[in-house]
Amino acid sequence: MNTPHLTRFPRITASLLIGIAVVLSAAFSNAQSPDKFNQPGNILITDQFNNRVIEIDRNGNIVWQFGNGPDDIAANAIVGTNDAERVGNLTLMSGTGIPAGAMKNCKKSGCADNRVLLVDPGGNIVWQYGQFKVTGFGPNQLNTPVQNTYLPNGNVLITDQGNQRIIEVRHTDNSIVWQYGENGVVGIGPNQLSNPNAAELLANGHILISDENNNRAIEVTHTAPSEIVKTFTAQGTVSGVAFASRLPNGNTLLTDSNNSRIVEVDPKDNPVWEYFTNTRPGSNPSPLPTRAVRLANGNTLISDQFNHQVIEVNPSMMIVTSYGVINDPGFSPSTAIEMNGPYSAYVIGDYTGITPPF
C-alpha cells in the first residue's frame, strides 16, 4: 500500500463468513446514531484508557462505539485498545491491555487482553486471534498486540509488541504465514526488533515496521527470510518511532514519540516537514504522540496520546480541528469532548476500497 491511510479501510457490501454466518444487518446495539455509522468523513478513534473504540462525526458526536467505558474490562468488550480500522462495515481492533497502575481497576498486575478482534456493527465479535487474558507466543497467543492491519489477501498483520515480532495471520485457520522478529528476543540485528509498535504493507510489497525502541522505521522484504532494504531515522534524530507510513509522494511520515514530534522524511531520510505537539499552551511536556496520518486534503491527523486529544494540523502547522481537552483526561458517553489516551485515529472514506476474499 502506498499509504496505509488510503488503503486501510476496505469496503465490502456482503455478509462476512468466518466460521459461522454473520448477518451484517444486525441491530446496532452499540450505535448512538446508526444512520450516521460508517459515513465518509467520520473519524475512528481508539480511546485507550476508556476501553473503547469510538466513531465520531465531525462535530465530535459518537455515532458508534465498542466497549462501555473505563470500568468495563470484560471479555465481550476490549481492554486498552491501541488500534482500530474499518473493514467494510466491520471494525478490526487490537486489545492491547492496561499496564499496572494505569487505571483504578488495574492497579496490581495490570489488565491483559491480548486479542485482535473483528467486530460487526452490532458489537458482536465475529473473528479473533489471541485469547482473552492469555499471554504467550504459542498458537493463537499474543503478548500486548498494539496494532493490526487488514491485508488485501484477507490476512491480518499484527504487531505483537511484547513478543518482539510482526506476524501475518491467515484468517481461515489462524496460522502464522509470515513473521519478522524472534519470539521474545530484543535486539537490533537481522530479524530482531525492540518494542515494535506498528507495521504496514507498502505498494511495493515490502513491510514498513515502526521499531520503536530501536529508534527507527525499517522497510523489510515480505519474504522468508526477510531483508532490511531501507532504514528511516530522520538522520538519527528520532527517539521512539511509534508509527510510520509511506506517503503518495514517496516520503515517509514518522511519529517521533519521545520527541513529541511528527516528522516527514524524503527517500534519503532528510526531514522536510515537522510538527511538535508539546509547544501549545497547556500541553503535557511529554505527550508521547502515537499516530500521525496524512489525509487526502494534505492535513495531518495526530493522536496526541497524553494530551488526550486528536488534532488535525494543516501544512502550515496550524490546528484546524481538535477533539478532547488538552492535557485533561476524561470520559464522555456520547461525545469526544473528553478522552483518555487516544492512541489512533483514522478518517473514514480517506481510502481506496479493497474487497476481502471471505
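Residues numbered from 1 in each chain as written. Predicted model: local features only at pLDDT ≥ 70, side-chain atom pairs only at ≥ 80, totals over all residues. Heavy atoms only, no water.

Asks: Can you help me understand the sheet that holds strand S20 (residues 261-265) in this one?
Replies: Strands in a sheet are paired, the pairing made by backbone hydrogen bonds, and the direction either parallel or antiparallel. Strand order in the open sheet made by the four strands is S18-S19-S20-S21, with antiparallel pairing throughout. The open sheet is flanked by strand S18 (241-246) and strand S21 (271-276), the only strands paired with a single partner. Taking the axes of each pair of neighbouring strands and ignoring which way they run, one obtains an average angle of 15° across the sheet. By the bridge criterion, five bridges tie S18 to strand S19 (residues 252-256) in an arrangement that is antiparallel. (Pairing = 2+ DSSP bridges. Helix = DSSP H or I, 4+ residues; strand = E, 2+ residues; numbered from the N terminus. Axes fitted to C-alpha atoms, helices over the stretch in contact; angles between N-to-C directions.)

Asks: In this structure, what is going on with the layout of surface pockets? I would like to understand it.
Replies: Where empty space is left becomes clear once a probe the size of a water molecule has been rolled over the atoms. Looking at the largest pocket, its volume works out to about 410 Å³. Taken together, 29 residues make up the lining of the largest pocket; nearest its centre are Gln48, Asn82, Thr96, Thr144 and Gln161. (1 Å grid on protein atoms, 1.4 Å probe; cavity = no way out; pocket = protein on both sides within 12 Å on 5 of 7 lines; lining within 4 Å. Points joined across faces, edges and corners; volume = space filled by probe spheres on them.)

Asks: Where do I start with the pairing of strand S23 (residues 300-304) in this structure?
Replies: Taken residue by residue, a regular strand's side chains alternate between the two faces of the sheet. Within S23, five of the five residues are buried, which leaves the element mostly enclosed by the surrounding structure. Here four bridges tie strand S22 (residues 291-294) to S23, and the two strands are oriented antiparallel to one another. Across the sheet, the residue bridging to arginine 291 is serine 303, located in S23. Where S22 folds back on S23, the antiparallel hairpin that results is connected by five residues, among which glycine 298 adopts a positive phi of roughly 90°. Bridge analysis of S23 against strand S24 (residues 309-313) gives five bridges, and the strand direction is antiparallel. What sits directly across from serine 303, in S24, is valine 310. (Buried < 20%, exposed > 50% of the residue type's maximum accessible area, 1.4 Å probe, protein only.)

Asks: What should I look at first to understand the state of the cysteines in this one?
Replies: Here is the idea: a disulfide is a covalent bond, and it sits between the sulfur atoms of two cysteines. Throughout the structure, instances matching the rule amount to one disulfide. Paired by a disulfide, cysteine 106 and cysteine 111 hold their sulfur atoms 2.0 Å apart. Here the S-S torsion is close to -105°, and the disulfide linking cysteine 106 with cysteine 111 is therefore left-handed. Relative accessible area serves as the criterion here: at 1%, cysteine 106 is assigned to the buried category. (Disulfide = S-S within 2.5 Å.)

Asks: Teacher, can you tell me more about the packing of aromatic side chains here?
Replies: Any aromatic ring pair is given by two values, namely how distant the centres are and how the planes are angled relative to each other. With the rule as written, the count across this model stands at two aromatic pairs. Between phenylalanine 37 and tryptophan 64, the ring centres sit 5.9 Å apart and the planes meet at 55°, which makes this aromatic pair tilted. Placement of phenylalanine 37 in the loop between strand S2 (20-21) and strand S3 (43-47) and of tryptophan 64 in strand S5 (residues 62-66) is noted, with a sequence separation of 27 residues between them. Of the two residues, phenylalanine 37 and tryptophan 64, neither departs from the other in class, the shared state being buried. With a centroid separation of 6.3 Å and 20° between ring planes, the pair formed by phenylalanine 49 and phenylalanine 306 is classed as stacked. In this pair, phenylalanine 49 is assigned in the loop between S3 and strand S4 (52-56) and phenylalanine 306 in the loop between S23 and S24, connecting sequence segments 257 residues apart. Classification of phenylalanine 306 as partly exposed rests on a relative accessible area of 24%. Over the aromatic face of tryptophan 64 sits the side chain of arginine 86, whose NZ or CZ is 5.3 Å from the ring centroid. We note arginine 294 situated over the ring of tryptophan 273; from NZ or CZ to the ring centre the distance is 5.3 Å. (Phe/Tyr/Trp six-rings, centres within 6.5 Å; stacked < 30°, edge-to-face > 60°. Lys NZ or Arg CZ within 6 Å of the ring centre and 35° of its normal.)

Asks: What's the story with the nonpolar core in this structure? I'm lost.
Replies: Where a protein is soluble and globular, its nonpolar side chains tend to be buried together. Ile43, Ile45, Ile54, Ile56, Leu301 and Met339 are the most contacted members of the largest nonpolar core, which totals 17 residues. Not counting residues within four places of it along the chain, the set of residues in contact with isoleucine 56 comprises Asn42, Ile43, Ile45, Asn61, Ile62, Val63, Tyr323 and Ala336. If you look at the next biggest cluster of nonpolar residues, it comprises 14 residues, including Val87, Tyr150, Val156 and Ile158. (Core = buried A, V, L, I, M, F, W, Y, C linked by side-chain atoms within 4.5 Å. Contact = heavy atoms within 4.5 Å.)

Asks: I keep staring at the environment of proline 285 and nothing clicks. Help me out?
Replies: Assignment of secondary structure puts proline 285 in the loop between S21 and S22. With relative accessibility at 66%, the residue proline 285 sits in the exposed group. Along the backbone, proline 285 and phenylalanine 306 are 21 residues apart, and their C-alpha atoms lie at a distance of 9.4 Å. Proline 285 has contacts with Ser260 and Asn278, leaving out every residue within four places of it along the chain.

Asks: Any chance you could explain the sheet that holds strand S26 (residues 342-347) here in plain terms?
Replies: Spatially, four strands are ordered S5-S4-S3-S26 in an open sheet, and the strand pairing comes out antiparallel. Of all the strands in the sheet, just S5 and S26 have a single pairing partner and so form its edges. Strand after strand, the sheet turns through a mean of 20° between neighbouring axes, direction not considered. As paired strands, S3 and S4 are joined by five bridges and run antiparallel to one another. The partner of leucine 44 across the bridge, within S4, is glutamate 55.

By themselves, these are just geometric observations and shouldn't be taken as functional.
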